[in-house]
Structure formats: structure tokens, C-alpha cells
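Commentary on secondary and tertiary structure
Take a look at the letters that make up each chain.
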Amino acid sequence: MPANNSELPDQSPAVPPRWGELLGPEHRGAAVVLAAGVLVGAVNIYLASSMLPTAVAELGGESFYAWNMTLYLVAMVIATMLVSRCLARWGSAGAYLIGFACSWAAAPVPARAAHRQVPC
């Protein structure tokens, strides 16, 4: 225990940072990237939620509409969480190739196109 108060660390209350400091030159890049990521997610959800009813009506799957949207949102959240890990582990080219391979393996394009041509 210190003998006098001059050896104690400064106990003055900390001044909370201001919002203006967040957009200062040292944080501007990170703030723009964060805002752009949120914007991309919001636009993605907006477009999917506005186009999905039309697609579901054309395909005749009204009973599965809620499941489609729910699975889409869950997959988007999981993908958003895994992006930084994939980029850190494999780099941008490797992460792109993994995403390309996953979407290629999901269902072949000719099979999807042929399915659309079969009358129900």
C-alpha cells in the first residue's frame, strides 16, 4: 500500500467519448465499412422480402413462404458471422472459391432449369 497519495494512480472520472470521435480520421474507414455492411444486409433483406411473394406465387408454394424467408434470414446471419473467419483463414480469393464451390454443389443449373420446364 502506498504511503502517500502521490503514488496512487489518477482516480479522476473518465470523460466518455463523443460521437464525433467515432467519425474522426482514425476511425472513419472502419465506420464506413461497418455502415456499408449494415446497408448491404438491409437492402438484401428488403429485396428478398419484396420479391419472395411473387416467386412463391409463381411456383405455387404459398404454404412454404414463412419457411423460405426464415431459412433465408438464418442463413444470412450465419454467413455474416463466418465471413471474417473465412477471410482470415483463406484470404479473399480462397473464400470466394469456397463460396463458389458451395453454391455450385447446391444444385446444378441445368437441373434447376429442367425442373422449371416440367408441367405440374
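Report on the accompanying structure.

Cut-offs and rules
Residues numbered from 1 in each chain as written. Predicted model: local features only at pLDDT ≥ 70, side-chain atom pairs only at ≥ 80, totals over all residues. Heavy atoms only, no water. Helix = DSSP H or I, 4+ residues; strand = E, 2+ residues; numbered from the N terminus. Buried < 20%, exposed > 50% of the residue type's maximum accessible area, 1.4 Å probe, protein only. Patch = residues over 30% accessible without salt bridge, like charges linked within 9 Å, V, L, I, M, F, W, Y side chains within 5 Å. Areas by Shrake-Rupley, 256 points an atom, 1.4 Å probe, with all protein chains shown as cover. Salt bridge = Lys/Arg side-chain N within 4 Å of Asp/Glu carboxyl O. Axes fitted to C-alpha atoms, helices over the stretch in contact; angles between N-to-C directions. Parallel < 35°, antiparallel > 145°, perpendicular 65-115°, else oblique. Left-handed = near helix turned anticlockwise from the far one by under 90°. Contact = heavy atoms within 4.5 Å. Expected span 1.5 Å × (residues − 1). Bend = angle between axes of the 7 residues up to and from the residue.

**Thoughts on the overall build of the protein chain**
Tallying secondary structure elements over the protein chain gives 4 helices and 0 strands in all. Ordering the α and β elements of the protein chain from the N terminus gives α-α-α-α. Considering the protein chain as a whole, with its 120 residues, one finds that 8% of them fall into the buried category.

**Side note on a nonpolar patch on the surface**
Taken together, the side chains of Leu 39, Val 43, Tyr 46, Leu 47 and Met 51 define a hydrophobic patch exposed on the protein surface, amounting to about 510 Å² of accessible area. Within the fold, Tyr 46 resides in helix 2 (residues 28-59).

**So, the packing of helix 2 against helix 3 (residues 65-106)**
Packing of helix 2 against helix 3 leaves a shortest axis separation of 11 Å and a crossing angle of 160 degrees. Viewed along their axes, helix 2 and helix 3 adopt a mutual orientation that is roughly antiparallel. Considering the relative orientation of helix 2 and helix 3, their crossing is right-handed. Across the interface between the two elements, Gly 41, Asn 44, Ile 45, Ala 48, Ser 49, Leu 52, Pro 53 and Val 56 of helix 2 pack against Tyr 65, Asn 68, Met 69, Tyr 72, Leu 73 and Met 76 of helix 3.

**Looking at helix 2**
Along an α-helix, residues three or four positions apart point the same way, because every turn accommodates 3.6 residues. The end-to-end C-alpha separation of helix 2 is 45 Å, in line with the 46 Å expected for 32 residues at 1.5 Å each. At Leu 52, helix 2 shows its largest kink, close to 35 degrees, and the proline Pro 53 lies no more than four residues downstream. For helix 2, the set of buried residues is Ala 31, Gly 41, Ala 48, Leu 52 and Val 56. Close packing links the buried residues of helix 2 with helix 1 (19-22) and helix 3.

**Side note on helix 3**
For helix 3, with 42 residues, the first-to-last C-alpha span of 20 Å runs short of the 62 Å given by 1.5 Å per residue. Maximum bend of helix 3: about 110 degrees, positioned at Gly 91. Residues Met 69, Met 76 and Ala 95 constitute the buried set of helix 3. Looking at the buried residues of helix 3, the elements they touch are helix 2.

**Focus: the environment of Arg 28**
Inspection of the secondary structure assignment puts Arg 28 in helix 2. The residues touching Arg 28, leaving out its near neighbours within four places in the chain, are Leu 22 and Leu 23.

**Some words on the environment of Leu 73**
Within the secondary structure, Leu 73 is located in helix 3. For the pair Leu 73 and Asn 44, spaced 29 residues apart in sequence, the C-alpha separation works out to 9.9 Å.

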